[in-house]
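Examining the three-dimensional arrangement
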Amino acid sequence: MSHRHLYCACQSLAFLVAILPGILLAEDIVTVDPARAAELETQWMTQPRQITFDGLRAGEGYFSRDGSQMVFQSERDPANPFYQIFLMDLETGDLSQVSTGSGKTTCGWIHPDGDEVLFASTHADDQTQAQQTAELEFRASGKERRYAWDYDPQFDLFVKSMSTGELAQVTRERGYDAEGSFSPDGETILFASNRSAYERTMSPREQTLFDLDPASMNEIYKMNRDGSDVVRLTDTLGYDGGPFFAPDGERFCWRRFSEDGATAEIHTMGLDGSKPTQVTHMGAMSWAPFYHPSGEYLVFTTNRHGFANFELYLVRTDGKSEPVRVTYTDGFDGLPVFLPDGKSISWTSTRGANKRSQIYRADWNHEAARASLGYGAETTKTANEDIAAALAAARSSVPQFTAADIGRHVDYLTRPELGGRLTGTEGERRATAYVAAYLESLGFEPAGRDGTSFHEFDFPAGAEIGAKNSLTASVSATQTDLTLDENWRPLSFSGNGEFAAAPVVFAGYGLVAPKSESIPEYDSYVHLDVTNKWVIVLRDLPQDIAPELRQHWARYSAPRRKASVARDLGACGIIFVAGPTSEVKQPLIRFDRDASQAGVSMAVVSVDNETAAAWMTAAGQTLGEEQRGLDKGEMAMGYELAGVKLSANIEIDRKTGIGRNVIARLRATEPTTPQPMVIVGAHIDHLGKGGGGSSLARDDERDSIHVGADDNASGVAAMLEIAQYIAAERRKGTLPANRDLVVAAWSGEELGLFGSQAFVKEFRELFPDAPQVKLDAEAQAAAQTHAAMLAAHGAAPEDEPLTAAIAAYLNLDMVGRLREKLVIQGLGSSPTWEGEVQRRNVPVGLTLQLDKTSTRLPTDAAALVARRVPILSAFTGAHEDYHTPRDTPDKLNYEGAAKIANLFALITRGLLTAQTVPEFKLDEGEQTNEMPRANLTAYLGTIPDYAAGDIKGLKLSGVGQDGPAAKAGVKGGDVIIELAGRKIENIYDYTYAIEALKIGEAVKIIVTRDGNPVELQITPASRE
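Worth saying up front: this structure is predicted, and the values here are computed from it rather than measured. (Residues numbered from 1 in each chain as written. Predicted model: local features only at pLDDT ≥ 70, side-chain atom pairs only at ≥ 80, totals over all residues. Heavy atoms only, no water.)

With respect to the side chain of E651
Here E651 shows up in the loop between β36 (639-650) and β37 (652-666). No salt bridge is formed by the buried E651; the nearest opposite charge belongs to R232, separated by 5.0 Å. A distance of 3.0 Å separates a polar atom in the side chain of E651 from the backbone nitrogen of K468. When residues no more than four places from it in sequence are discounted, the contact partners of E651 are D235, E464, I465, G466, A467, K468, N469 and N496. (Helix = DSSP H or I, 4+ residues; strand = E, 2+ residues; numbered from the N terminus. Buried < 20%, exposed > 50% of the residue type's maximum accessible area, 1.4 Å probe, protein only. Lys, Arg positive; Asp, Glu negative; His and termini not counted. Salt bridge = Lys/Arg side-chain N within 4 Å of Asp/Glu carboxyl O. Polar contact = N/O pair within 3.5 Å; in protein donor to acceptor, adjacent residues only side chain to side chain. Contact = heavy atoms within 4.5 Å.)

As structure tokens, this is what we get:
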């Protein structure tokens, strides 16, 4: 067996002890009697037959392009106890040896031309004979080793011409180079290697793992067939190996082990490193994937049914299916491959009488496989469940607005098997399948891609610190390599690459803030040349400044803002240090693995106080004294740290995932000339088990499913109620619609509005028939004014307004906890809205709080208003269960949600039947230019009640457990009227007041409770 084998992981007793309990306690261990196993396997493969017989063991067989030859490895030489590579002619049965007969070999692969064979071997090592002799003597003693694969650093890749016998060495670097395969055109080789472990100094954690398991440093590489132009494609600690090309040569599959080696999952990636996708989430040892020639699915091996019981499974290459079991025979079934015609499968198995691993072959039922995975007319059991549930909901629902109908949708979307609907996961796909099926059952047309209701989009799926990260300090000509995660750490938005040694300058707090009426300009870089130099700056803000100054400077103190300033001044890198007077919790800035930001074009790192202090001391300065001087808020000249230079290599792996929206369309009753459409939308995604970094779960709730009943199963349920009502009115002939209705279930909202942003960017591709109007001079001027306003609030306006194509967008986000009032936001996007909303509410009778806020809404409406589309957004307020596993269905007000759906359905009906559309005219009131773009470093742990209505002060719906507010005695329902001596009348006053707080310094907070003032002391904590 070899690298692609399951056995490769079982190379030490320590490893077995570590993983065996977890594997053996798996809930789905299944033993099937042989007769029943054979019967179950016939649904996928028939006429299984053994095709290798000789030697102690054989396995890992791969086939030539025309299917006439098989290369495999086998232990069958009495003089060599290790695997050698053989080539079998499947037409004649002739057998020839490919490898030299010396050393260890593994992983043969036949070039598309049918003549050359690629394999890995240690035969060039002068110790091979001694190793062979030692192993033979050990076996002769009667002892038997537990099987373990050897990641010998002498393994290299070789190519042999079978016609000439010429043997060419392809790789020569120290390290395990193996697991190679040719691309379909024969020009590229993929392989696995741990060479980086021998090329650089590993961190202590890497060294510990490598000593236990050399495979932990294995990564996937590609190169030209002659060994040139080597490119590394993966960089995650843990064994990445077994790469195979997709049939089109554009992507490849592989398996990635966790750091501890206990589990592995199947992944795919573009050959250029794009769109890495994890297609299994089985929590077992799943490995050895191989593409079917159709490219539609992968076959792989997993031990989810027990440590020693490996079976074959299928999974779609796009990951949009639950894995499907293929084999049921006890023992080892693994290393599967399809023959080039896709009609046969071959694999390694111990199912024979002697229980030795040999290669088997069987006829393959491709159509049954496709059907089981959801291709064609049939669907997987999972997909069937989603569609069946949607159709059952459609049959049971009524056109009227009822609590039961809302509850039915919420129940399905919050089921545990949907896993919290995190973008890009199986739970998201199941939720979107349910919504799509429901809308199509109502008569909506698919309006996504390729004739479906699905609109896929890419999203940043987090970032990881790569393997090539180093920071070297030269102090008075003495070089020191700093330790990653102990002395230093890159930030997630750092630039990648090598940064040559350059001088270091100190720039205080690194602030550049403009003056205001009462506050002078502040510039940490006055008369300081930072061109091609590293800049070391203090984190956060000066500690001992007045609240007004802290508030003014806060928005200029974010690390990314400071980094951008230094970059624009010509610096090659920026270094953040907390300093001894800082109250931050962590000496190094946290690496945000969920970051969706692009990198800047320079190095951005954080170092600990001791390291920075040593640099300052070497230059004749004292870090603590410098910080205490700056903490008073006075400007000071920066300077160069004489004798100090830094160099770095930074590698941040920014990953991409694939999410999908549901887009469905109900066309106008009497289509004439194209009219602007109406869109009703709600985001369907949530946090999974806390993904995206915005979970507010308590420590005892970590890794629990966040089912998101209010956020936003409630909004999706209300949206579907609206769709059902409009479709029913249309069928009855009582809705003379002048324009189309589009219903959209967005994904990616929790991670940053990625689904709705992708929709507006690709709108013209999805709706090429939508009307277009060229703006006149006046309209262009208005668009420019709108763009400037959006930019002032941190939004990113797009080039083309969609006013002519979209009449209005109605959004439903968190409408499940109606208490006293429904908040309707977005009235500032059109002067039409207030009268329209009030009129449509007459038959419903909800108590409303009308809010002009339009451009600053943290929901999908922001993507539409940025394109000059009038928007309305319904919201019933935040609560203490927000973004926690406690946001559960039992806490919803279903009657209230039904009334909200009723109101928005009537608004939708009015928009569809009206002869004119709402005018887009942005007017958010006097507060527009006062909305703080806060950089809140202080944390109080309060949850505002956004539905509290027009009261003086800030009402709270709750407080975070164990947060500063809870410790101070603040409670949900309290109304904050004063904080740190500042009067609080609204959320804006409150935000400004928090900006002015100093971490760790207690201040007075006054709240009203049951109508009486209560004075408390609260001590702000750090957000980091």
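Remarks on the sheet that holds strand β16 (residues 264-270)
Strand-to-strand pairing in sheets goes through backbone hydrogen bonds, with the strands running parallel or antiparallel. Taken together, the four strands give an open sheet; going across it, the order is β14-β15-β16-β17, and neighbouring strands pair in antiparallel fashion. Both outer strands of the open sheet, β14 (240-245) and β17 (277-278), are each paired with one neighbouring strand and no more. Taken together, the four bridges between β14 and strand β15 (residues 251-257) define a ladder with antiparallel strand orientation. Counted as the bridge partner of F245 is F252 from β15. (Pairing = 2+ DSSP bridges.)

Observations concerning the sheet that holds strand β7 (residues 116-121)
With respect to topology, four strands assemble into an open sheet ordered β6-β7-β8-β9, the strand pairing being antiparallel. The two strands at the open ends of the sheet, each matched to only one other strand, are β6 (105-110) and β9 (167-169). Each strand of the sheet is rotated relative to its neighbour by a mean of 25°, with strand direction disregarded. Pairing geometry for β6 and β7, over four bridges, is antiparallel. From the neighbouring strand, T106 faces β7, where its bridge partner is A120. (Axes fitted to C-alpha atoms, helices over the stretch in contact; angles between N-to-C directions.)

Considering the packing of aromatic side chains
Per the stated rule, a full pass over the model turns up 33 aromatic pairs. Between Y297 and F338 the ring centres are 5.9 Å apart and the planes differ by 85°, which places this aromatic pair in the edge-to-face class. Of this pair, Y297 sits in strand β19 (residues 297-302) while F338 sits in strand β22 (residues 333-338); the two residues are 41 residues apart in sequence, bridging distant segments of the chain. Taking relative accessible area as the criterion, F338 reaches 4% and is therefore assigned buried. Ring pairs connect the aromatic residues Y151, F155, Y176, Y239 and F257, which therefore count as one cluster. Directly above the aromatic system of F86 lies the positively charged group of R76, at a separation of 5.0 Å from the ring centroid. Taking NZ or CZ as reference, R195 lies 5.5 Å from the ring centre of Y221, over its face. (Phe/Tyr/Trp six-rings, centres within 6.5 Å; stacked < 30°, edge-to-face > 60°. Lys NZ or Arg CZ within 6 Å of the ring centre and 35° of its normal.)

Some details on the pairing of strand β4 (residues 84-89)
Most of β4 sits inside the fold, with five of its six residues counted as buried. Here six bridges tie strand β3 (residues 69-75) to β4, and the two strands are oriented antiparallel to one another. Looking across to β4, one finds that S74 is bridged to Q84. With three bridges connecting them, β4 and strand β5 (residues 95-97) associate as antiparallel partners. Bridged to L87 within β5 is S96. The turn linking β4 back onto β5 is made up of five residues, and G93 within it adopts a positive phi angle of 85°.

Some thoughts on the side chain of D881
By secondary structure assignment, the location of D881 is in the loop between β43 (871-875) and α21 (894-913). Note on D881: relative accessible area 6%, which makes it buried. Setting aside chain neighbours within four positions, we find D881 in contact with R817, R886, D887 and K891.

Everything listed here is a matter of geometry and, on its own, says nothing about what the molecule does.
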